[in-house]
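# Summary of structural features
Each chain, written out:
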Amino acid sequence: MGIFTREQSQAVEKLLECGLSDFDIARKVSARAEDPEILIDAVGTVRERRQASASL
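Residues numbered from 1 in each chain as written. Predicted model: local features only at pLDDT ≥ 70, side-chain atom pairs only at ≥ 80, totals over all residues. Heavy atoms only, no water.

## Some details on the overall build of the protein chain
We count it as follows: A run of H or I in DSSP counts as a helix once it spans at least four residues, and a run of E counts as a strand once it spans at least two, with each numbered from the N terminus. Only C-alpha atoms enter the radius of gyration, while the globule expectation follows 2.2 Å times N to the 0.38, with N the number of residues. A simple rule labels every residue: compare its accessible area, found with a 1.4 Å probe on the protein chains alone, to the largest value its type can have, and call it buried under 20%, exposed over 50%, or partly exposed in between. By definition in these notes, contact holds between two residues if any of their heavy atoms fall within 4.5 Å. Only the protein chains shown count as cover for residues, and the accessible areas themselves come from Shrake-Rupley with a 1.4 Å probe. The positive count covers Lys and Arg only, the negative count covers Asp and Glu only, and His and the chain ends enter neither. The atom standing in for a charge is NZ when the residue is Lys, CZ when it is Arg, CG when it is Asp and CD when it is Glu.
A tally of helices and strands in the protein chain yields three helices and zero strands. Walking the protein chain from its N terminus toward its C terminus, one meets helices and strands in the order α-α-α. Rg of the C-alpha trace for the protein chain: 11 Å, near the compact-globule value of 10 Å for 56 residues, within the 12% margin. In terms of overall dimensions, the protein chain has a C-alpha envelope of 40 × 25 × 15 Å along the principal axes. Taking all 56 residues of the protein chain together, the buried fraction comes to 29%. Pairs at least 24 residues apart make up 40% of the contacts formed inside the protein chain by residues separated by at least 6 positions. Approximately 4200 Å² of the protein chain is accessible, and the part contributed by carbon and sulfur atoms is 50%. Taken together, the 8 basic and 10 acidic charged side chains of the protein chain have centroids lying 6 Å from each other.

## Topic: the environment of Ser 53
Put simply, the rule is: We call two N or O atoms a polar contact when they sit within 3.5 Å, provided that within protein one can donate a hydrogen and the other can accept it, with sequence-adjacent residues counted only if both atoms are side-chain atoms.
Residue position: Ser 53 is located in helix H3 (residues 40–54). Judged by its relative accessible area of 48%, Ser 53 is partly exposed. Taking the C-alpha atoms as reference, Ser 53 lies 16 Å from Ser 9; in sequence the two are 44 residues apart. Only 3.0 Å separates the side chain of Ser 53 from the backbone oxygen of Arg 50, close enough to count as a polar contact.

## Brief notes about the pattern of salt bridges
Stated formally: Salt bridges are defined by distance alone: a side-chain nitrogen of Lys or Arg within 4 Å of a carboxyl oxygen of Asp or Glu.
Under the counting rule described, the total for this entry stands at three salt bridges. A salt bridge links Asp 22 to Arg 47, with the nearest nitrogen and oxygen atoms 2.6 Å apart. Residue Asp 22 is found in helix H2 (residues 22–29), and its partner Arg 47 is found in helix H3; the two are separated by 25 residues along the sequence.

These figures capture arrangement, not role.
Here you go:
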């Protein structure tokens, strides 16, 4: 089970393609009452996985 909902995961993928920073992405996908700093590591993990799969 991931930390993101399906909609959040799709948004993270699109925002990574746009070149936004992990913090900006976390801010955009966090729920209204949620602290975006909690999601920064999760966004970074998604970024690392994308980079690793791109280098294969």
